[in-house]
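# Coordinate inspection notes
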Amino acid sequence: MEESRTKKSIRNIIISVAMLLISFIINFIYRRLFVEVFDVQYLGVTSIFTNVTSLLSLAELGFGAAVMYALYRPMLTNDTCMVAQIIKYFKKIYYIIASVVMVMGLLIIPLLPYIIKDMPNLTPNVYIMYIFYLTGTVLSYFNAYKTTLLQSDQKEYIVKIVVTIVSIGTKVLIILLLLFIKSFYVVLVIENSVNIITNAVLTLIINKRYPFLKQKTEKISLNMRKSIKKYTASMFTHKLGGVILSITDILLISIFFGATSNGYYANYLLVTTSINSVINVFYSGMQASLGQCVAENNQEKTFELFKIINLLCVWIAFFTTAGILFVSKSFVILWLGQEYVVDNFLLLMISLSFLLENMSRSSGLFISATGVFNKTAYLSIIYAFANFGFSLLFIWLIGIPGVFLGTVVARLIVFPVENYYLCKYGIKIKVIEFYKKLFLQIVVGLLGFFALYGLSLVKIENNILTLIYRLAMVILVPNILFIIVYYRTNELKSIFKILKLDKLMNKIKGNKVK
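Structure report, in brief.

Parameters at a glance
Residues numbered from 1 in each chain as written. Predicted model: local features only at pLDDT ≥ 70, side-chain atom pairs only at ≥ 80, totals over all residues. Heavy atoms only, no water. Helix = DSSP H or I, 4+ residues; strand = E, 2+ residues; numbered from the N terminus. Buried < 20%, exposed > 50% of the residue type's maximum accessible area, 1.4 Å probe, protein only. Contact = heavy atoms within 4.5 Å. Phe/Tyr/Trp six-rings, centres within 6.5 Å; stacked < 30°, edge-to-face > 60°. Axes fitted to C-alpha atoms, helices over the stretch in contact; angles between N-to-C directions. Parallel < 35°, antiparallel > 145°, perpendicular 65-115°, else oblique. Left-handed = near helix turned anticlockwise from the far one by under 90°. Nonpolar A, V, L, I, M, F, W, Y, C, P; charged D, E, K, R; others polar. Salt bridge = Lys/Arg side-chain N within 4 Å of Asp/Glu carboxyl O. Core = buried A, V, L, I, M, F, W, Y, C linked by side-chain atoms within 4.5 Å. Patch = residues over 30% accessible without salt bridge, like charges linked within 9 Å, V, L, I, M, F, W, Y side chains within 5 Å. Areas by Shrake-Rupley, 256 points an atom, 1.4 Å probe, with all protein chains shown as cover.

### Here's the deal with the overall build of the chain
Within the chain one finds 20 helices and zero strands. Burial status across the chain gives 53% buried among its 514 residues.

### Description of the side chain of Ser-353
Looking at the element boundaries, Ser-353 is found in helix H13 (residues 344-359). On the accessibility criterion, Ser-353 (8% relative accessible area) is buried. Among residues more than four places away in sequence, those in contact with Ser-353 are Phe-404, Thr-407, Val-408 and Arg-411.

### Quick look at the packing of aromatic side chains
Counted under the stated rule, the structure contains 25 aromatic pairs. Ring centres of Phe-326 and Phe-449 lie 6.5 Å apart, and the angle between their planes is 65 degrees; on these two criteria the pair is classed as edge-to-face. Note that Phe-326 is positioned in helix H12 (residues 299-335) and Phe-449 in helix H17 (residues 431-456), a separation of 123 residues in sequence. An aromatic cluster of three or more residues is present, and its members are Tyr-30, Phe-34, Phe-38, Tyr-42 and Phe-184.

### Concerning the packing of helix H16 (residues 401-426) against H17
Across the interface, H16 lies against H17 with an axial gap of 9 Å and an inter-helix angle of 125 degrees. When the axis of H16 is compared with that of H17, the two are oblique. Handedness of the crossing formed by H16 with H17: right-handed. Where H16 approaches H17, its residues Phe-415, Pro-416, Asn-419, Tyr-420 and Cys-423 are matched on the opposing element by Val-431, Phe-434, Tyr-435 and Leu-438. A per-class count over the contact of H16 with H17 returns eight nonpolar, one polar and no charged.

### A few points about the packing of H12 against helix H18 (residues 463-486)
Remark: H12 packs on H18, axes separated minimally by 9 Å, with the N-to-C direction vectors making an angle of 170 degrees. One finds that H12 runs roughly antiparallel with respect to H18. A breakdown of the residues in the contact of H12 with H18 according to their chemical character gives 20 nonpolar, five polar and one charged.

### Looking at the pattern of salt bridges
A full pass over the atoms with the stated rule returns three salt bridges. Between Glu-36 and Arg-32 there is a salt bridge; the shortest N-O distance is 2.9 Å. Highlighted residues: Glu-36 and Arg-32, both in helix H1 (residues 5-37), separated by four residues, approximately one helical turn. Relative accessible area serves as the criterion here: at 34%, Arg-32 is assigned to the partly exposed category.

### Overview of the nonpolar core
Ranked by internal contacts, the top residues of the largest apolar core, which has 147 residues, are Phe-49, Phe-90 and Leu-149. In terms of residues, this core owes the most to one element, H12, which gives 18 residues. Residues contacting Leu-149, with those up to four places away along its chain left out, are Leu-71, Met-75, Val-83, Ile-87, Ile-206, Tyr-210 and Leu-213.

### Describing unusual backbone geometry
Even without a glycine there, the phi angle at Lys-428 is positive, about 55 degrees. Within the element layout of this structure, Lys-428 appears in the loop between H16 and H17. Since its relative accessible area comes to 55%, Lys-428 is described here as exposed.

### Examining a nonpolar patch on the surface
A contiguous nonpolar surface patch, about 610 Å² in accessible area, is contributed by Leu-440, Leu-471, Ile-475, Leu-476, Ile-480, Ile-484 and Val-485. Residue contributions to the nonpolar patch peak at six residues, all from H18. Position of Ile-480 among the secondary structure elements: in helix H18. Under the relative-accessibility criterion, Ile-480 is labelled partly exposed at 43%.

Next up, the structure:
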């Protein structure tokens, strides 16, 4: 019997979270060893190059989402011929993308002295380091198109397992080698082989699991090509702002404050990206289910799903932001040392930017799934320019925290307009109804913050005990508040049912469970 979409989603989430937790432990151990062996400038430069290669990935932006979108219906109807045609079509596209990324990457080389303020004198040379990162990025495209098939088939857990095993294996190898060979070439060669090894392993798995991909098929129809190109163009513009936004912060810090400042921020970036990785698991686990739900053209069912996911997004956003705001300082002191802690105002700006990013996730998911991105595409361009402009202004006024304040202001400008289009054309409800629900969710989240601030004033001399105390209060306070306020709503009941917590809550309430 074919598994339900819900069961597939839950399995994807559980396995992915388990893989991520294992990966986090290794990554944080690796970062601790990295800052002990190498100067903080190495960390800053590698962080910059990671973001520059993300910028080059704009060449791919839209095609990955287009593969997912094109595969939803044929996967739902088990049309293997159409699936094979789509995959082969995207294979050609991704080979072209790899070539474009290489050319764009080489053109950036003369600009490196302008991207990195006070270019550090490191060994190996900064230009050699960049070539390694660029090559690793380009080679990763040659088999990347196939992994989307697993995601569309709700088997993303396979991708997560392979990615985690390869990542852990390479990190452990680097750690062992650095204990004996303190050379940055070790890091360069092994780190930039991860994507290549991962895609090679996944290709073997996919070819075995989907043998019909090797069959000869006719070329994809002209109508399908036109549909994919239209979707890709719209999705490119829609996601452009998000990608530029994600890289603007660290590039501006590099340009105006240098590699050393970037190195200190990179540690907090590891914390926020690690948290976002876990959050992404929940949403990517639901993405294929959401896409297939929308494909069924059941408007009422889509709206009910939106209410559930929207509550979950805001709840998770406030809960995880509370962790960054109230726990990260104690964690960084234990992990790396007092000298790597940033000031409270900068931490507040980082946290606020993180909060708004995650609060808007439900809107982004449904804008993509319902096709509303065709109408909101121009907003991403406004978003990108607003973010850059406001960040420059606030850098001049308040320094590094201005980078993140600019991001916050840009989000506040675009967020209401996106929600207007989503309500009118996507989930088809009155905008005021959306904001009524959102307002209550924000009030609950802010009450949690105020309560946590009061509790955080308790002084504990031992930093380990401080970390345990603050972690406990962050886990308890916001979650208890959301449960109390939303306990009787259908949205929370649905969340508990999906997570298999409904029977537990009935026991707590004192009801007999059959």
